[in-house]
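Residue-level listing of the chains:
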Amino acid sequence: MSLTVIAQRMGNTSFQRLVTGLVLSTLLVGCSSTKSSNVRVVDRNNAVAQRPTVTTGQYVVRPGDTMFSIAFRYGWDYKALAARNNIPTPYTIHPGQTIRFDGRTGSTPTAVVSNSSSSPSSSSKTTVIRRQANGTTTTTTTGSTGAVPSVANKPAPAPLPPAGPAPTGWGWPSNGILIGKFSSNGSLNKGIDIAGDLGQPVLAASDGTVVYAGSGLRGYGELVIIKHSETYVSAYGHNRRLLVREGQQVKVGQTIAEMGSTGTDRVKLHFEIRRQGKPVDPLQFLPRR
């Protein structure tokens with residue numbers, strides 16, 4: 001049957017709808033059959049997400065913690081967090097010690113406010129009692145028209161030290177296929193992931209000092225953190241075995257661990273570079289390959 005006969009029987013409007021439907025179906029089939037090329041597969045499974053910098057509350061030090069590991073976990077520059085808690089170099093901390101993120105310390109005065117009258121009146125008075133860290137107290141009483149002393153002032157955040165130059169001579173921390181890239185989105189990867197074989201050498205990306213070696217940071221497995229300068233640190237996660245200890249000096253290219261799958265679902269190395277506690281894209285520092 002010809003299209004002319006079909007058009008006469010169906011009417012112009014119905015015929016136009018039929019033709020439009022056939023054209024769209026042809027286009028969809030053509031698109032679905034087109035082969036894709038040069039598509040990069042990026043493994044996002046178990047990518048280590050980094051929470052925003054924590055600026056409220058406190059953390060109680062546990063055995064194995066260091067100032068560097070706590071700062072790394074909560075998105076801080078270690079020097080800024082130490083300064084906020086009045087901890088001098090070499091940043092020694094002890095189990096049970098409280099690390100505050102909101103700027104309050106044990107020496108911060110506390111205040112209790114009480115009113116001598118339950119209802120407002122011209123004779124009502126307000127008493128402010130301040131308890132100091134040394135156990136002494138001061139009392140201030142004002143009338144309803146007097147100014148009430150400030151009970152609590154939010155402390156100013158500790159200033160970050162100026163950023164120093166990046167270390168030179170960065171090298172790749174391991175050989176293998178890049179399966180995960182850095183993402184500035186807070187819910188995605190804060191470093192890169194490199195696939196490899198179980199036991200494959202993990203190398204120091206630059207000269208520095210090991211400031212953490214352990215498994216106390218959730219999501220990183222067996223982890224090594226190296227301090228390269230007052231500004232930059234690098235991290236190497238999911239290792240099978242660590243070959244360095246805290247305080248050890250390492251050189252670029254030195255084997256520091258064996259690749260593994262601790263804290264994740266496949267053998268890979270998770271590698272991060274942080275500048276003043278903030279993750280940055282490692283590919284900006286590593287040589288092209």
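Look up a bit, the structure's there.
Here the residue numbers are simple positions, counted from 1 along each chain's written sequence. Reporting in this predicted model follows two pLDDT cut-offs: at least 70 for local features of residues, and 80 or more for side-chain atom pairs to be given and counted; totals over whole chains, interfaces and linings ignore these cut-offs and use all residues. Note that the side-chain values use all heavy atoms of the structure and ignore hydrogens as well as water.

Student: Which residues make up the pairing of strand β11 (residues 232–242), and what values go with them?
Tutor: Among the 11 residues in β11, 8 count as buried, and that is most of the element. The pairing of strand β10 (residues 222–227) with β11 spans 5 bridges and is classified as antiparallel. By the bridge assignment, I225 is partnered in β11 with A235. Should DSSP find at least two bridges between two strands, the strands are regarded as paired. Put simply, DSSP marks the helices as runs of H or I at least four residues long and the strands as runs of E at least two long, and each gets a number from the N terminus on. Hairpin connection of β10 to β11: 4 residues between the antiparallel strands. Of the strand pairs in this sheet, β11 and strand β14 (residues 268–275) are connected by 6 bridges, and their pairing is antiparallel. Directly across from Y232, in β14, lies its bridge partner R275. Across 3 bridges, the pairing between β11 and strand β13 (residues 255–259) is antiparallel. Note that in β13 the partner of N239 across the bridge is M259. Burial classes: relative accessible area under 20% of the type maximum marks a residue as buried, over 50% as exposed, and values in between as partly exposed (1.4 Å probe, protein chains only).

Student: A description of the nonpolar core should follow, citing residues and the corresponding values.
Tutor: Residue types Ala, Val, Leu, Ile, Met, Phe, Trp, Tyr and Cys, when buried and joined through side-chain atoms within 4.5 Å, form a set referred to as a nonpolar core. Within the largest apolar cluster, 27 residues are counted, with the highest numbers of intra-cluster contacts made by M67, I70, L81, I99, F101 and I225. Those elements that place two or more of their residues in this core are α3 (67–73), α4 (78–84), β9 (208–214), β10 and β11. Considering each element in turn, this core owes the most residues, 5 residues, to α3. Membership of the second largest hydrophobic core comes to 24 residues, among which are W172, I192, Y236 and F271.

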